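# Structural overview
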Amino acid sequence: MFIGLEKESSSPTEKLARKESLKVQKKNYRQEKKRVAKELLSALKDPSVVIMSNWLKIRGSLKSWTKLWCILKPGILLIYKTPGSDHWVGTILLNACKLIERPSKKDGFCFKLYHPLEKSIWAMKGPKGESVGSITQPLPSNYLIFRAASESDGRCWMDALELALSCSSLSKMTAKSGRDGDLSSSSESSHILQLLQKENKGLIWTLLKQLRPGMDLSKVVLPTFILEPRSFLDKLSDYYYHADLLSQAVMEESPYCRMKQVLRWYLSGFYKKPKGLKKPYNPILGEMFRCCWLHPQTDSCTFYIAEQVSHHPPVSAFYISNRKDGFCISGSILAKSKFYGNSLSAILDGKARLLFLTRDEEYIISMPYAHCKGILYGTMTLELGGKITIECEKTQCYTELEFKLKPFLGSSCNVNQISGKIRIGEDILATVDGHWVRIISETYIKEQSEVLWNPGPDIRRQRLKRQVVQIDQQEAFESERLWRHVTRAIKDKDQMRATQEKFVLEEAQRQEARERAEGPWNPRLFSFNTDTNEWHYKYPDTKPWDPERCLVQFEKDGIIQTKEKSHRRRRSFSYSQSWAGQQTVSHAGRFLPQLPSIL
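Remember, it's a predicted structure, so these values are computed and weren't measured experimentally. (Residues numbered from 1 in each chain as written. Predicted model: local features only at pLDDT ≥ 70, side-chain atom pairs only at ≥ 80, totals over all residues. Heavy atoms only, no water.)

## A few points about the overall build of the protein
- Tallying secondary structure elements over the protein gives 12 helices and 28 strands in all.
- Taken over 599 residues, the protein has a buried fraction of 46%.
- If you take every contact in the protein between residues at least 6 apart in sequence, the share linking residues at least 24 apart comes to 56%. (Helix = DSSP H or I, 4+ residues; strand = E, 2+ residues; numbered from the N terminus. Buried < 20%, exposed > 50% of the residue type's maximum accessible area, 1.4 Å probe, protein only. Contact = heavy atoms within 4.5 Å.)

## Let's talk about unusual backbone geometry
- Note that the residue after H312, namely P313, is joined by a cis bond; omega there is 0 degrees.
- Within the fold, P313 resides in the loop between strand 11 (300-310) and strand 12 (315-322).
- Notably, D360 is not glycine yet its phi reads approximately 55 degrees, a positive angle.
- In this fold, D360 is placed in the loop between strand 15 (352-356) and strand 16 (361-365).
- Positive phi, normally seen in glycine, also occurs at Q396, with a value near 60 degrees.

## Some words on the side chain of R147
- Examined against the element boundaries, R147 turns out to sit in strand 7 (residues 143-148).
- Put simply, R147 is tucked away with no salt bridge, and the nearest opposite charge, on D107, sits 7.2 Å away.
- Polar side-chain contacts of R147 include one of 2.8 Å to the backbone oxygen of D107.
- Setting aside its immediate chain neighbours within four residues, R147 contacts L56, K57, W65, S104, K106, D107, F109 and C110. (Lys, Arg positive; Asp, Glu negative; His and termini not counted. Salt bridge = Lys/Arg side-chain N within 4 Å of Asp/Glu carboxyl O. Polar contact = N/O pair within 3.5 Å; in protein donor to acceptor, adjacent residues only side chain to side chain.)

## Comments concerning the pattern of salt bridges
- Overall, the coordinates contain 27 salt bridges when judged by the stated rule.
- Of the charged contacts, one joins E555 and R290 as a salt bridge, the two residues approaching to 2.9 Å between their closest N and O atoms. Of this pair, E555 sits in strand 27 (residues 550-556) while R290 sits in strand 10 (residues 288-295), and the two are 265 residues apart along the sequence.
- Relative accessible area serves as the criterion here: at 9%, E555 is assigned to the buried category.
- Here the residues in one salt-bridge network are E228, R230, D234, K235, D238 and R466, joined through shared partners.

## Brief notes about the packing of helix 6 (residues 244-251) against helix 7 (residues 255-267)
- In contact at an axis separation of 8 Å, helix 6 and helix 7 are set at 175 degrees when each is read in the N-to-C sense. Between helix 6 and helix 7, the angle is such that the two are roughly antiparallel. Between helix 6 and helix 7, the contacting residues are L245, L246, Q248, A249 and V250 on the first element and R258, Q261, V262, R264 and W265 on the second.
- Residue composition of the contact of helix 6 with helix 7, grouped by class: six nonpolar, two polar and two charged. (Axes fitted to C-alpha atoms, helices over the stretch in contact; angles between N-to-C directions. Parallel < 35°, antiparallel > 145°, perpendicular 65-115°, else oblique. Nonpolar A, V, L, I, M, F, W, Y, C, P; charged D, E, K, R; others polar.)

## Observations regarding the packing of helix 10 (residues 484-491) against helix 11 (residues 495-516)
- Their axes nearest at 8 Å, the elements helix 10 and helix 11 cross at an angle of 165 degrees. Compared by their axis directions, helix 10 and helix 11 come out roughly antiparallel. In this structure, the crossing between helix 10 and helix 11 has a hand that is left-handed. For the pair helix 10 and helix 11, contact is made by H485, V486, R488, A489 and I490 and by R497, A498, E501, K502 and L505, respectively.
- Among the residues forming the contact of helix 10 with helix 11, the class breakdown is five nonpolar, one polar and four charged. (Left-handed = near helix turned anticlockwise from the far one by under 90°.)

## Re the confidence of the model for the protein
- Looking at the protein, the pLDDT average stands at 80 and 75% of residues meet or exceed 70.
- Throughout residues 170-203 the model reports pLDDT below 50, and contacts reaching past four residues in sequence, or to other chains, amount to 49 contacts.
- The low-confidence segment residues 583-599 (pLDDT under 50) makes 41 contacts with residues lying over four places distant or belonging to another chain. (pLDDT = per-residue confidence, 0-100.)

## Side note on helix 11
- For helix 11, spanning 22 residues, the distance from its first C-alpha to its last is 32 Å, which sits close to the expected 32 Å at 1.5 Å a residue.
- All of the buried residues along helix 11 are Q495, A498, K502, L505, E506, Q509 and A513. Along the axis of helix 11, the buried positions cluster into a sector of 100 degrees, meaning they face one direction only. When the buried face of helix 11 is taken as reference, the exposed residues oriented beyond 90 degrees from it are V504 and E515.
- Contacts made by the buried residues of helix 11 are with strand 8 (227-231), helix 9 (479-482) and helix 10.
- Positive backbone phi, approximately 55 degrees, marks A517, located one or two places after helix 11. (Expected span 1.5 Å × (residues − 1). Arc of directions from axis to C-beta.)

## Some points on the pairing of strand 15
- With respect to burial, strand 15 is a largely interior element, four of its five residues being buried.
- Where strand 15 lies against strand 16, five bridges are found, and the strand directions are antiparallel. Within strand 16, the position partnered with L355 by the bridge is E362.
- Linkage of strand 15 to strand 16, two consecutive antiparallel strands, is achieved through a turn of four residues, within which D360 is found at a positive phi near 55 degrees. (Pairing = 2+ DSSP bridges.)

## Quick notes on the pairing of strand 18 (residues 381-392)
- Across three bridges, the pairing between strand 16 and strand 18 is antiparallel. When the sheet's bridge partners are listed, I365 is paired in strand 18 with I390.
- Direction of pairing for strand 17 (residues 369-373) relative to strand 18: antiparallel, over a ladder of five bridges. Counted as the bridge partner of C372 is L382 from strand 18.
- Two strands pair when backbone bridges link them, and strand 18 and strand 19 (residues 397-404) are joined in this way by seven bridges, in the antiparallel orientation. When the sheet's bridge partners are listed, I388 is paired in strand 19 with L401.

## Structural notes on the side chain of S300
- Summarising the element assignment, S300 is placed in strand 11.
- There is a polar contact of 3.1 Å between the side chain of S300 and the side chain of N322.
- For S300, the contacting residues outside a window of four places in its chain are W293, L294, H295, N322, K324, D325 and Y575.

## Looking at the nonpolar core
- Judged by nonpolar contacts, the single largest core of 52 residues is most densely connected at Y240, Y304 and F318.
- Ranked by residues supplied to this core, first place goes to helix 7 with seven residues.
- Counting residues in each nonpolar core, the second largest holds 29 residues, with I51, V89, I121 and F146 among its members. (Core = buried A, V, L, I, M, F, W, Y, C linked by side-chain atoms within 4.5 Å.)

Written as structure tokens, this is what we have:
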């Protein structure tokens with residue numbers, strides 16, 4: 001007797017359908033297997049697909065160190081006895097590995113690759129089908145400990161390995177999204193996957209072929225999606241939205257109070273940043289940017305002029321002047337960007353010279369570097385690092401600040417920290433501590449404390465209004481007009497058009513260089529002083545303001561100049577009244593005031 005339900009017998013049609021379906025599945029399986037093998041083989045053999053290669057010391061099973069040549073590719077780490085490809089030692093499969101920094105008492109920087117379940121991390125065969133590697137000391141099967149020569153080299157390897165660890169998962173998700181017509185919702189890689197599907201599914205490979213950890217980004221054509229839609233010359237003007245702090249600094253009687261106000265102004269230039277993490281355009285040789293800010297309290301104006309005076313290396317020169325309030329600033333910046341796999345450092349090499357005209361005091365100022373993580377995947381973050389100084393030789397007043405990067409094992413409260421001190425001669429007058437994006441407090445040696453800088457809503461509302469020449473009145477090589485088509489495409493989220501427009505500008509610059517036959521470039525507004533090795537504005541006016549003779553300071557064609565009163569006309573001039581009248585007929589914030597008819 002049969003107990004239970006009798007299984008329904010399948011019809012011949014259903015059996016045939018299942019058989020055909022199984023054939024299709026097996027065919028897809030074989031094709032996918034071949035595709036993955038071909039992709040891996042391509043990465044192994046293609047000499048251009050190398051993220052990083054260098055010597056590293058590797059600790060063996062017997063706890064002795066061996067120096068081996070390591071080649072990092074997407075998803076794999078190849079290890080050789082020599083830089084050639086003849087003495088293969090082994091291949092590590094990174095898709096199942098984890099990466100961690102390892103403390104060490106010895107010199108250099110240690111990190112560890114390991115399998116979290118203590119499984120083997122090694123591939124069975126080499127890139128040329130080798131089944132047995134070259135003889136070295138025994139190496140562990142489920143982990144490897146590496147030592148780089150220095151901390152900077154080690155950090156570079158850590159970033160590069162993070163990128164390589166993600167490459168295999170990114171390519172898998174990209175292939176899946178291509179088959180399913182669906183985008184991954186992973187927060188770690190969703191933004192890069194969206195770009196891969198919208199623009200170019202080979203974007204990561206294209207970047208890897210251009211980029212090598214440690215290389216200078218000024219020689220690399222970067223995709224437009226990481227660009228901030230404005231020029232670097234425009235970006236440098238962010239430091240002057242609180243230039244009224246310098247107007248107040250000039251009026252302070254003690255050197256210490258003047259230095260404290262200068263420090264407040266210096267810190268005011270860091271909190272303004274774009275939404276997300278973006279890189280401004282690399283300026284074209286000969287490009288110029290000019291703007292100004294109205295000071296309502298003193299009825300004065302701060303004028304800003306910047307010009308790209310060199311392309312290789314990329315040097316931006318700038319000059320800022322407000323004679324009525326008694327200060328001017330000059331300097332030049334050599335912008336360097338170093339790529340480290342999934343992060344980059346932007347180094348501003350140069351100094352600014354702040355001059356108080358009525359006191360004949362000069363303050364020499366240096367800049368921190370910016371460290372950006374999450375360039376290709378993960379959460380984009382920006383930190384500032386390095387030690388900077390503000391020095392006044394005349395008063396012997398100095399400020400030393402250190403911008404601190406987040407430590408490897410630190411918490412979120414360790415991000416954006418800053419510390420330093422203000423001293424006159426050898427005497428420390430105050431210490432400075434806080435976060436450069438939030439509250440920075442100042443503690444006097446006498447145990448008194450006050451808030452030095454807090455860019456809260458009240459401070460942000462006090463930002464000076466910037467005035468820029470309308471685009472239709474700008475010259476051909478002024479930043480906004482020069483980049484207007486690229487900017488419009490980026491704002492329209494048309495990355496393909498933005499890339500094309502950017503290529504047109506860069507190709508025109510290359511053509512100009514060919515026609516010039518690598519001859520010297522003569523900047524329009526700045527000249528190079530071979531004695532000081534610095535760029536100087538050609539038309540400086542550092543005489544103190546004389547209210548009996550000086551009527552108004554203005555800028556025309558990049559030249560900042562002063563109109564003096566004639567004997568016949570002694571009428572005064574007001575920036576506020578002049579600009580208020582122009583705002584009724586002009587677009588707000590998009591003009592530079594012209595000289596009034598009384599002049």
